Amino acid sequence: MPTAFVQYSLGFRALKHLNLSCCSKIANDSLRQIGMHCKYLQLILLYGCHRITDKGIEYIVKGCPYLQHISLECLRMHRSKLTDLSLLDIADHCQHLQYLNIRGAVQFSKEYISKVVNSCHKLTKLRCTMEVKGDIFQYLFLPREPCKAELEGQLSWSLKYHPHYGNPVKQCHLMFEFKPNTQSRR
């Protein structure tokens, strides 16, 4: 990470919004510094930051307890290095999360997406890309049902071979809206 960025970020301890979208040099060490020094961060946009891994997300969510808005959307030309471990950290540490964008990151499993939905009680919007087999709503998010769900764009066929089903898999971009869950957190 550029030294100037670290020195610059140290002066912004009360920073609430940070847009690092398409900053191709941003990696885990940058997020570690942000997590250490920007404790009041509420919004972080990491669209297209393809060098970030699960460790970087762990630094952010553990270091910034007031996060309400996270965008981890991927660019199509770069594969995300994030896995379900990132969603597990978000579910465990983001009590104030209201918006999560993981669109384009198709390697996240439905089980861990559901864990985020059911653990982050203030979550009202989720943008995601999901592999679809049959009815898209038959297996999502129980016991917390979305009050509204919209397809974003058109369904597209993936040409990848799915190891369990043996055929091409449909993918779709979805926007789910939820009523805030008023149940107390564990």
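A brief structural summary. (Residues numbered from 1 in each chain as written. Predicted model: local features only at pLDDT ≥ 70, side-chain atom pairs only at ≥ 80, totals over all residues. Heavy atoms only, no water.)

### With respect to the overall build of the protein chain
Scanning the protein chain from N- to C-terminus turns up five helices and seven strands. In sequence order, the secondary structure elements of the protein chain are arranged as α-β-α-β-α-β-α-β-α-β-β-β. Across the 186 residues in the protein chain, those meeting the buried criterion constitute 47%. Contacts in the protein chain between residues at least 24 apart in sequence constitute 77% of all its contacts with a sequence separation of at least 6. When the accessible surface of the protein chain is split by element, carbon and sulfur atoms take 54% of a total near 10,000 Å². (Helix = DSSP H or I, 4+ residues; strand = E, 2+ residues; numbered from the N terminus. Buried < 20%, exposed > 50% of the residue type's maximum accessible area, 1.4 Å probe, protein only. Contact = heavy atoms within 4.5 Å. Areas by Shrake-Rupley, 256 points an atom, 1.4 Å probe, with all protein chains shown as cover.)

### Looking at unusual backbone geometry
For Cys22, which is not glycine, the phi dihedral falls at a positive 60 degrees. Relative to the assigned elements, Cys22 resides in the loop between β1 (17-19) and α2 (28-37).

### Description of the environment of Glu111
Tracing the backbone shows Glu111 in helix α5 (residues 110-119). Measuring from C-alpha to C-alpha, the distance between Glu111 and Leu87 comes to 9.9 Å, with 24 residues separating the pair along the chain.

### Observations regarding the pattern of salt bridges
With the rule as written, the count across this model stands at four salt bridges. A salt bridge links Glu58 to Lys55; the shortest N-O distance between them is 3.2 Å. Placement of the pair is Glu58 and Lys55 together in helix α3 (residues 54-63), with a separation of three residues, close to one helical turn. The class for Glu58 is buried, based on a relative accessible area of 19%. (Salt bridge = Lys/Arg side-chain N within 4 Å of Asp/Glu carboxyl O.)

### Concerning the nonpolar core
Counting residues in each nonpolar core, the largest one holds 37 residues, and the members touching the most others are Ile70, Ile90 and Leu100. When neighbours within four sequence positions are excluded, Ile70 is seen to be in contact with Ile44, Val61, Ile90, Cys94, Leu97, Tyr99, Leu100 and Asn101. (Core = buried A, V, L, I, M, F, W, Y, C linked by side-chain atoms within 4.5 Å.)

### Focus: the environment of Phe176
For Phe176, the position within the fold is in strand β7 (residues 168-177). A residue is classified by how much of its surface remains accessible, and Phe176, at 0% relative accessible area, is buried. A C-alpha to C-alpha distance of 5.1 Å links Phe176 and Leu126, two positions 50 residues apart in sequence.

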